[in-house]
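# Architecture at a glance
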Amino acid sequence: MKLSSSLLVLALSAAALPAMADEPAPDPLSFNIGAVSEYRYRGISQTRLKPALQGGIDYADPSGFYVGTWGSTIKWIKDAGGDADVEVDFYGGYKTELSKGLTVDVGVLQYLYPSNKLNPSANTLELYGAVSFGPVTAKYSHSTTNLFGFTDSKGSGYFDVSANFDLGDGMTLTPHVGHQTVKHNSAASYTDYSLTLAKDFSGLVVSGAVIGTDANKTAYASPVNGKFMGKTMLVIGLKKTF
């Protein structure tokens, strides 16, 4: 989703701590706010290549269950003749480590565009499952409703593979490639790719991502100005987590 939107995970070696010291449990509740030079989701601009404000709340239980919500300003609904200025997502799932370095993550994600008035509705529900081993994650998302307003597109799927490489000193490099299949609409199916470099300044993350797609330029042209919403661009982001 946006995902994306990226989470930066810092690993601390327990062996480096004194034997008598107990590390406090991490706070299960976290908040984030941020801004991006444009909001891209699965490679497609949601803001007509314009900036966006974003924020979210997450709760991760020590048992592995989690829930959260995230939102962003958008432009594409109004550009398509609807009436929504924001996207609000609600999600929940379960993540666990099966063995050292191997984790699985399954859940459900509801994308809501309040009062979007599109027909079919832009509101979309997806089920997802992901497997991670070391720095690499493979994920599949499956829509149980029409996908973001595409007619007769229930059962569409998105498969992506990404990796998160720790470069040290709070820096990470994240390559990504994904393929969106829109059921009964091959012209709207496409592949997206990105490479993101991020720097964490004690919870304040600055990122730069080169994002592009091979999407059909007609299918993903803005109805406002005709510009291609999947063009290759550099997207700058700033996010604070607390």
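Because the structure is predicted, anything quoted here is derived from the model rather than measured. (Residues numbered from 1 in each chain as written. Predicted model: local features only at pLDDT ≥ 70, side-chain atom pairs only at ≥ 80, totals over all residues. Heavy atoms only, no water.)

### A few points about the overall build of the protein chain
Within the protein chain one finds 1 helix and 15 strands. Taking all 242 residues of the protein chain together, 38% fall into the buried category. (Helix = DSSP H or I, 4+ residues; strand = E, 2+ residues; numbered from the N terminus. Buried < 20%, exposed > 50% of the residue type's maximum accessible area, 1.4 Å probe, protein only.)

### Topic: a positive patch on the surface
There is a patch of like positive charges on the surface, built from Lys 50, Lys 75, Lys 227 and Lys 231. Looking at the secondary structure, you find Lys 50 in the loop between strand 3 (44-45) and strand 4 (52-60). For Lys 50, a relative accessible area of 42% gives the class partly exposed. (Patch = residues over 30% accessible without salt bridge, like charges linked within 9 Å, V, L, I, M, F, W, Y side chains within 5 Å. Areas by Shrake-Rupley, 256 points an atom, 1.4 Å probe, with all protein chains shown as cover. Salt bridge = Lys/Arg side-chain N within 4 Å of Asp/Glu carboxyl O. Lys, Arg positive; Asp, Glu negative; His and termini not counted. Charge placed at Lys NZ, Arg CZ, Asp CG, Glu CD.)

### Describing the pattern of salt bridges
One pass over the full model with this rule turns up 6 salt bridges. Glu 38 is the salt-bridge partner of Arg 40, the closest N and O atoms lying 2.8 Å from each other. There is no split in this pair, since Arg 40 and Glu 38 are both buried. Across the pair Arg 42 and Glu 126 runs a salt bridge whose closest N-O atoms are separated by 2.8 Å. Within this pair, whereas Arg 42 is found in the loop between strand 2 (40-41) and strand 3, its partner Glu 126 is found in strand 8 (residues 124-133), the two being separated by 84 residues in sequence. Residue Glu 126 is classed as buried on the basis of its relative accessible area of 2%.

### Overview of the packing of aromatic side chains
Here the distance between the centres and the angle between the planes together describe a pair of aromatic rings. Counted under the stated rule, the structure contains 9 aromatic pairs. With a centroid separation of 6.2 Å and an interplanar angle of 85 degrees, the aromatic rings of Tyr 41 and Phe 148 are classed as edge-to-face. With Tyr 41 in strand 2 and Phe 148 in the loop between strand 9 (136-143) and strand 10 (157-163), this pair connects stretches of sequence that are 107 residues apart. The same class applies to Tyr 41 and to Phe 148, which are both buried. Judged by centre distance (5.4 Å) and plane angle (80 degrees), the rings of Trp 76 and Tyr 113 are edge-to-face. With a gap of 37 residues between them, Trp 76 in helix 1 (residues 76-79) and Tyr 113 in the loop between strand 7 (102-112) and strand 8 connect regions that are remote in the sequence. Grouped by ring-pair contacts, the aromatic residues Tyr 41, Tyr 111 and Phe 148 constitute a single cluster. The ring of Phe 201 has Lys 199 sitting right over it, with the charged end atom 5.3 Å from the ring centre. (Phe/Tyr/Trp six-rings, centres within 6.5 Å; stacked < 30°, edge-to-face > 60°. Lys NZ or Arg CZ within 6 Å of the ring centre and 35° of its normal.)

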